[in-house]
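Letter by letter, the chains look like this.
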Amino acid sequence: MNAARTADFIPSYVQDAWWTPEEDDGGPLSVRTAAPSAVRQLRDASTGEVTARVSADGPELSAAVDHGRTVGQAELGRLTIHERALKLRDLATYLNGHREELYALSAQTGATKIDSMVDIDGGIGVLFTFSSKGRRELPNTNVIVEGPVEVLSKDGSFMGEHIFTRIPGVAVQINAFNFPVWGMLEKFAPAFIAGVPSIVKPATPTMVLAEAAARLMIESGILPAGALQLVSGSGRGLLGLLDYRDMVSFTGSASTAQQLRTQLGEGVRFMAETDSLNAAILGPDAVPGTPEFDAFIKSVVTEMTVKAGQKCTAVRRAIVPEGLKSAVIDAIGARLGERVVIGDPRAEGVTMGALASLEQLDSVRAAVETMVAEGGSLAIGSLDAPAVRRADGSVGAVEHGAFMSPVLLDWADSEAPAAHTLEAFGPVCGVLGYLADDGGSANAVRLAALGAGSLVATVCTNDPNFARQVVSGIAAHHGRVLVLNREDARSSTGHGAPVPHLIHGGPGRAGGGEELGGVRAIKHHMQRTAVQGSPNMLTAVTGVWHAGADRVIAGDPEFGGEADAVHPFRKSLAELRVGDAFASGLRLVTLEDITAFAQSTGDNFYAHTDAVAAARNPFFPGIVAHGYLLVSWAAGLFVEPAPGPVLANYGLENLRFLTPVAAGDSLRVTLTAKAITPRVTDEYGEVCWDAVLHNQRGDIVASYDVLTLVEKVETLYLSSP
């Protein structure tokens, strides 16, 4: 890997080519060579050694946007959702094989090995997760149908529904300094699966690591042209080039998010995830000696020290019963003393590294000084430069190292404005007491809500009533709530660890955005559109058969079938088409059948066995057939028994029983190929069949979807003699 060389300019990657100010030759990618005054030096957070330079100038951004909208859109559009998801899996595998290279650069940012794993391994894990969800939960097309169809005419000839298609522009991703790899990949992954090109703008302090990860992604050869562009250095003017076709995903401070909003053109989608005053709430039942108290202390200390507290999800406010404040402060102090070793992350035994830069250190110290002036008192730690473990194992001060001791503030006034409005983005937390009278839930909720919108809160309690009251009270103020007790303390992913399956974001101060959350994140990069038309037209648009659309029906001529048509179960995916169907004849239902099913299964519910009791039931005309008996008979009516392209039945969905079936009634089924999803990596695919059961009067008895696995190309089967 050709990562940025020591003290070199960090390059950009635009229009599928690398560009640096030093290599400005007047070509189409160049703007101008950076003057010395417009250059920022990046330093190793632990030693102060200069590692790279960043120019205030940059590549031609309008060309980058145009390249994404044209080349990137075209190349990504040649692939289906599943094909892009598989490329994401391959990319994750490739990065997984180059982690050690990234770890070495991550150490320059002050990150310990654990910090680096959270950032690098966590980011790679996001790629794997989105790849899996894209293939398992979305169709192998570029159109996603959302929700049921709405029939808009009496005769069914006019209907409507919602679909998702990818936005036609670019996704500009502005990332924070604290997670240069995870922050990039958690934005890139859903955009890529949706089919939207990414323009990544990493934060300056940790740009060396972000560039290295992006370089690996590009050098892998997995990504289509235009899918990823990287803007190192200044991004001035980039947002002004965007319009309604594009979107911006931002992670950073609330004040910066507000400034960016003013630069956006009309209609540009904007997703912000910003800093917040996250809380951990200790329940009155969680006294010292309980597993909940121990889990609370461990969580607070972890969030103070992982990434040196530079996490948008870190615990900033420990909200505890007033009577437990002293015990909490003492326990936090004891754990910090036992577990925390500050120093160069390359030194053996170091558990907390430096802040990302000296500028960040100054910012955190200034925030703490303000909070002390506004009523907080230093319960643990100080603002003096700590003695740290150097890379060679010696202990002492490091003149240019961005090191800071963990600081715990004790707020005598739990409602002091600074405690709920000012964030020190480092190893800093405050302890606030609440009155535990009448359970204390209302008081705890009120303090948590003073944060004016947060990313996450933890509630440590083993009292279900307290948990219910607090969670229901704070949920609208938070994007995520973790309830921690003795049952999940060991298995929990933790307060500060967003997972790709669940949303990451929050209201108010937290930015009002929403990232991750499984396929929700993919759909954020798509436009929801209401489509109206006839069943045939909606089938053509979506690739999903709609009731009333044309069909080729095999089976019983009395019910629309063509006797000489090929049964759809005899067709491989190469031959099968949406709308291929089978209509069965009628099967008579007898009391003996119903009784035998009850006896063989043990389902002796009175509606199937007791004529007198069944007659009193307002839903039934007397003894009726079991619903699952009807489904079993339906299978017998539509299954083509000989070996063939259909390999397996792997489930039913959306099953509804609509009309009871009594002895003497008859049953028939119509089965229609509704959706066909070939699997890219397998020799078979999935077929969803629309199944409708009717009685002899034409009433719908039941409806559901049958799911089968079908060969792409039929293999020759030999029947047993």
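It should be noted that the structure appears before, not after, this text.
Presented here is an overview of the structure given in this document.

Conventions adopted
Residues numbered from 1 in each chain as written. Predicted model: local features only at pLDDT ≥ 70, side-chain atom pairs only at ≥ 80, totals over all residues. Heavy atoms only, no water. Buried < 20%, exposed > 50% of the residue type's maximum accessible area, 1.4 Å probe, protein only. Helix = DSSP H or I, 4+ residues; strand = E, 2+ residues; numbered from the N terminus. Arc of directions from axis to C-beta. Contact = heavy atoms within 4.5 Å. Salt bridge = Lys/Arg side-chain N within 4 Å of Asp/Glu carboxyl O. Phe/Tyr/Trp six-rings, centres within 6.5 Å; stacked < 30°, edge-to-face > 60°. Lys NZ or Arg CZ within 6 Å of the ring centre and 35° of its normal. Pairing = 2+ DSSP bridges. Axes fitted to C-alpha atoms, helices over the stretch in contact; angles between N-to-C directions. Expected span 1.5 Å × (residues − 1). Bend = angle between axes of the 7 residues up to and from the residue. Core = buried A, V, L, I, M, F, W, Y, C linked by side-chain atoms within 4.5 Å.

Details of helix 12 (residues 441-449)
So, point 1. Listed as buried for helix 12 are Ser441, Ala444, Val445, Leu447 and Ala448. Summarising the axial view, the buried residues of helix 12 lie within an arc of 165°, below the 170-degree limit, and thus occupy one face.
So, point 2. Looking at the buried residues of helix 12, the elements they touch are strand 12 (278-282), strand 13 (315-321), helix 11 (417-421), strand 18 (428-434), helix 13 (464-474) and strand 20 (478-484).

Some thoughts on the pattern of salt bridges
So, point 1. In the structure shown here, the tally under the stated rule is 26 salt bridges.
So, point 2. Note that arginine 69 and aspartate 246 form a salt bridge whose closest N and O atoms lie 2.5 Å from each other. In this pair, arginine 69 sits in helix 1 (residues 61-77) while aspartate 246 sits in the loop between strand 9 (228-230) and strand 10 (247-252), placing the two residues 177 residues apart along the sequence.
So, point 3. Overall, the relative accessible area of 18% leaves arginine 69 in the buried class.
So, point 4. Judged by relative accessible area, aspartate 246 falls into the buried class, the value being 0%.
So, point 5. Between glutamate 137 and lysine 133 there is a salt bridge, with its nearest N and O atoms 2.7 Å apart. Of the two residues, glutamate 137 and lysine 133 both sit in helix 4 (residues 113-137), 4 residues apart, roughly one turn of that helix.

With respect to the packing of aromatic side chains
So, point 1. Inspection of the entire model under this criterion finds 8 aromatic pairs.
So, point 2. Consider the rings of phenylalanine 569 and phenylalanine 638, whose centres lie 5.9 Å apart with planes at 70°: the pair is edge-to-face. You can see phenylalanine 569 sitting in the loop between strand 24 (552-555) and strand 25 (580-583) and its partner phenylalanine 638 sitting in helix 19 (residues 627-638), a full 69 residues away along the chain. Phenylalanine 638 matches phenylalanine 569 in its accessibility class, with the two residues each being buried.
So, point 3. An aromatic cluster of at least three residues, connected via ring pairs, comprises Phe569, Phe638 and Trp689.
So, point 4. Between the NZ or CZ atom of lysine 307 and the centre of the ring of phenylalanine 179, over which it lies, the distance is 5.1 Å.

Let's talk about the pairing of strand 29 (residues 684-695)
So, point 1. Burial analysis of strand 29 places 10 of its 12 residues in the buried class, which makes it a mostly covered element.
So, point 2. Relative to strand 29, strand 28 (residues 666-678) runs antiparallel, the two being bridged by 11 bridges. In the strand pairing of strand 29, proline 678 is matched with glycine 685.
So, point 3. Where strand 29 lies against strand 30 (residues 700-711), 11 bridges are found, and the strand directions are antiparallel. The partner of tryptophan 689 across the bridge, within strand 30, is valine 706.
So, point 4. Between strand 29 and strand 30, which pair antiparallel and follow one another directly, the connecting turn spans 4 residues, one of which, glycine 698, has a positive phi of 90°.

So, the sheet that holds strand 5 (residues 144-151)
So, point 1. Strand order in the open sheet formed by 3 strands is 5-6-23, and the pairing between neighbours is antiparallel. Looking along the sheet, the strands with just one partner apiece sit at the ends: strand 5 and strand 23 (526-533). When strand polarity is set aside, the average angle formed by the axes of neighbouring strands in this sheet is 20°.
So, point 2. Pairing between strand 5 and strand 6 (residues 159-166): 5 bridges, direction antiparallel. The residue bridging valine 145 from the neighbouring strand is isoleucine 163, located in strand 6.

Some points on helix 4
So, point 1. For helix 4, with 25 residues, the first-to-last C-alpha span of 34 Å sits near the 36 Å given by 1.5 Å per residue.
So, point 2. The sharpest bend along helix 4 reaches about 25° and sits at glycine 122.

Some words on the nonpolar core
So, point 1. Phe130 and Met217 are the most contacted members of the largest nonpolar core, which has 59 residues in total.
So, point 2. One finds Phe296, Val320, Ala354 and Leu432 within the second-largest nonpolar core, a separate group that totals 50 residues.

Quick look at unusual backbone geometry
So, point 1. Backbone geometry at alanine 308 places phi at a positive 55°, although glycine is not the residue there.
So, point 2. In this structure, alanine 452 is a non-glycine residue whose phi angle is positive, near 60°.
So, point 3. On the secondary structure map, alanine 452 appears in the loop between helix 12 and strand 19 (454-460).

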